[in-house]
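Coordinate inspection notes
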Amino acid sequence: GNSPFLQAMRRKRGPVIEAVLSLLLVLLCLSISVFETCASVENTAEDTSSTAAKENESPVREKKDWSKLLDENADWGTFYDPKKIFCGKFDCYKILGFDYETFHKKTPDKKDITQSYRKLSRMWHPDKSKKKGAKERFVAINKAYEVLTTKETRDEYDYFRDRPDEYFHKYGSNVIYDYAPKSDAVMVVIFLVALLSLVSYYVKRMQWQRVADHITKSALDGLGLREGGSTESISIRKKAQQIQAEREEAKLKLETNGVDSKKKSAGKKGAAKLSGKEKKKQQQDDLRAIIVDLVNEIHDFGGGFRKPTFKDLFVYHLLMFPWNLLKAVSWHTRFFIRRKLGKQHSEAEVEYLTKNAVGLLWDSADQEEREEMKKSELWIDENLISWKEDQAASNLSAGNQKRYRRWKKKEGSKLD
């Protein structure tokens, strides 16, 4: 208040000005004091926060319960890794005793991972641990350590943790499939061969049965060649009628030469007399039984219609295929060489060419007819056409056959 400046101002401006200047000076001092106090509080807050941050950054290592990690049923978590690029279906962190969900508190570094790996590898080493599955766990621990201590692999592993679609995109679509165990191929093949053998046997049996039923019906109805019968059905009917006549004759002799008249008269009284219709029906039934027995005795009707044997089984054809193929190649090779050399057809070649020309008729023909076919050289087109015309004419009536022979002698075959 006694400064030269204020004294000069007091003399010049008076008491009012002096009061205003004094007030301004007081306000200035108060402002400086408040600013210094705020700065001090701010510095104190910064020091407190930095101290707390340092305390949080200080290494607080989580204590592991190693007894749980020694349990063979310990929880190893899950992870989507069907291609086993990382740790398969298990979590690499869980294998080494870390919990990914608590990483906001403390993320394990390479040192932490190495320490845990060494501890667990000693605990689960197959040479030291006798627990079940020790070897598999030891391998999984090594794999987890390899993944988490390689920076690129660990970064990729952390990235895929919540992005299975990215894993799917990178490692292919086949990763979503989990194939069932493979079936035993040998057992499958054996089953299929057995099934096909049964089917082939059944088919062959049905083919023979259809022909047998047709011949039985034709023979029983007495159908001729023009009515749908065959030489075989006609022959069987004649033979069946002969057997039936012999049986009736033997039965009649037995009745005529009975042991005594009392039994004979008792039999006549006890037996009811059959009407003509009933007697005819009984004879027809007896004839049917004889025809069926005769047909069942025929194993081969020709044309491939025969009762099945083991040679018709699929397994037999399968086993014989290499040998049959070798025979076919050998035969055709010899046939080709003989034709090039200009040699005559051998007996086997004549039979082979004739069978190919007439087809299934070869199987249905008897030995005499086969010899006639071979002499006719039916592998030549002109001879085959003429032979077929003769076969068709043989089914005509006697009069038509005579007219056909006269026409053929005069006009020639249809080929001419």
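Residues numbered from 1 in each chain as written. Predicted model: local features only at pLDDT ≥ 70, side-chain atom pairs only at ≥ 80, totals over all residues. Heavy atoms only, no water.

Concerning the overall build of the chain
- For the chain, the helix and strand inventory stands at 18 helices and 0 strands.
- Counting every position in the chain, which comprises 416 residues, the buried fraction comes to 23%.
- Counted over contacts in the chain with a minimum sequence separation of 6, partners at least 24 positions apart contribute 56%.
- Roughly 31100 Å² of accessible area belongs to the chain as shown, and the carbon and sulfur atoms make up 57% of that amount. (Helix = DSSP H or I, 4+ residues; strand = E, 2+ residues; numbered from the N terminus. Buried < 20%, exposed > 50% of the residue type's maximum accessible area, 1.4 Å probe, protein only. Contact = heavy atoms within 4.5 Å. Areas by Shrake-Rupley, 256 points an atom, 1.4 Å probe, with all protein chains shown as cover.)

Some words on the nonpolar core
- Among the nonpolar cores identified, the biggest contains 26 residues, and Phe86, Cys92, Leu96, Leu148 and Tyr157 are the most heavily contacted of them.
- Elements with a contribution of two residues or more to this core: helix 4 (92-95), helix 5 (110-124), helix 6 (134-148), helix 7 (151-160) and helix 8 (164-171).
- In terms of residues, this core owes the most to one element, helix 6, which gives 6 residues.
- Sequence-distant contacts of tyrosine 157, that is, excluding residues within four places in its chain, are made with Phe79, Phe86, Phe90, Asp91, Cys92, Tyr93, Val147 and Leu148.
- Counting 14 residues, the second largest nonpolar core, distinct from the first, contains Trp208, Leu220, Ala240 and Phe301. (Core = buried A, V, L, I, M, F, W, Y, C linked by side-chain atoms within 4.5 Å.)

Details of the packing of aromatic side chains
- As enumerated under the stated definition, the model contains 15 aromatic pairs in all.
- Ring geometry for phenylalanine 79 against phenylalanine 86: centres 6.2 Å apart, planes inclined by 85°, an arrangement best described as edge-to-face. Residue phenylalanine 79 shares its accessibility class with phenylalanine 86, and that shared class is buried.
- Geometrically, the ring pair formed by phenylalanine 160 and tyrosine 167 is edge-to-face, given 5.8 Å between the ring centres and 80° between the ring planes.
- Of the residues examined, phenylalanine 160 reaches a relative accessible area of 7% and is grouped as buried.
- Among the residues examined, tyrosine 167 registers a relative accessible area of 0% and is labelled buried.
- One aromatic cluster in this structure is built from Phe79, Tyr80, Phe86, Tyr93, Tyr100, Tyr157, Tyr159, Phe160 and Tyr167. (Phe/Tyr/Trp six-rings, centres within 6.5 Å; stacked < 30°, edge-to-face > 60°.)

A few points about the side chain of serine 200
- Mapped onto the elements of the fold, serine 200 is located in helix 9 (residues 185-221).
- Sequence-distant contacts of serine 200, defined by excluding residues within four places in its chain, comprise Asp312, Leu313 and Phe314.

Things to note about the pattern of salt bridges
- Applying the stated criterion to the full structure yields 11 salt bridges.
- A salt bridge links glutamate 249 to lysine 253; the shortest N-O distance between them is 3.8 Å. Note that glutamate 249 and lysine 253 are positioned in helix 10 (residues 231-256) at a spacing of 4 residues, about one turn of the helix.
- Linking arginine 306 and aspartate 312 is a salt bridge whose minimum nitrogen-to-oxygen distance equals 2.8 Å.
- The exposure class assigned to aspartate 312 is buried, which follows from its relative accessible area of 7%. (Salt bridge = Lys/Arg side-chain N within 4 Å of Asp/Glu carboxyl O.)

Points about a nonpolar patch on the surface
- Nonpolar side chains collect at one region of the surface, where Val188, Phe191, Leu192, Leu195, Val199, Tyr202 and Val203 lie side by side and expose about 650 Å² of accessible area between them.
- Summarising the element assignment, valine 203 is placed in helix 9.
- According to the relative accessible area criterion, valine 203 is partly exposed, its value standing at 39%. (Patch = residues over 30% accessible without salt bridge, like charges linked within 9 Å, V, L, I, M, F, W, Y side chains within 5 Å.)

Some points on the state of the cysteines
- In the structure shown here, the tally under the stated rule is 1 disulfide.
- Put simply, cysteine 87 and cysteine 92 are joined by a disulfide, and their sulfur atoms are 2.0 Å apart. Judged by the torsion about the S-S bond (115°), the cysteine 87/cysteine 92 disulfide is right-handed. Like cysteine 87, the residue cysteine 92 is buried in the burial classification. (Disulfide = S-S within 2.5 Å.)

What about the environment of histidine 345?
- Tracing the sequence through the fold places histidine 345 in the loop between helix 13 (314-340) and helix 14 (347-358).
- Since its relative accessible area comes to 32%, histidine 345 is described here as partly exposed.

Examining a positive patch on the surface
- Positive charge collects at one region of the surface, where Arg118, Lys119, Arg122 and Lys128 lie side by side.
- With respect to the helices and strands, lysine 119 occurs in helix 5.
- Under the relative-accessibility criterion, lysine 119 is labelled partly exposed at 33%. (Lys, Arg positive; Asp, Glu negative; His and termini not counted. Charge placed at Lys NZ, Arg CZ, Asp CG, Glu CD.)

Describing helix 12 (residues 276-296)
- The end-to-end C-alpha separation of helix 12 is 30 Å, in line with the 30 Å expected for 21 residues at 1.5 Å each.
- Within the sequence span of helix 12, burial applies to Leu287, Ile290, Ile291, Leu294 and Val295. Here the buried residues of helix 12 occupy an arc of 135° about the axis, which is enough to place them on one side.
- Where helix 12 is buried, its residues contact helix 9 and helix 10. (Expected span 1.5 Å × (residues − 1). Arc of directions from axis to C-beta.)

These results come straight from atomic positions and should not be treated as a statement about function.
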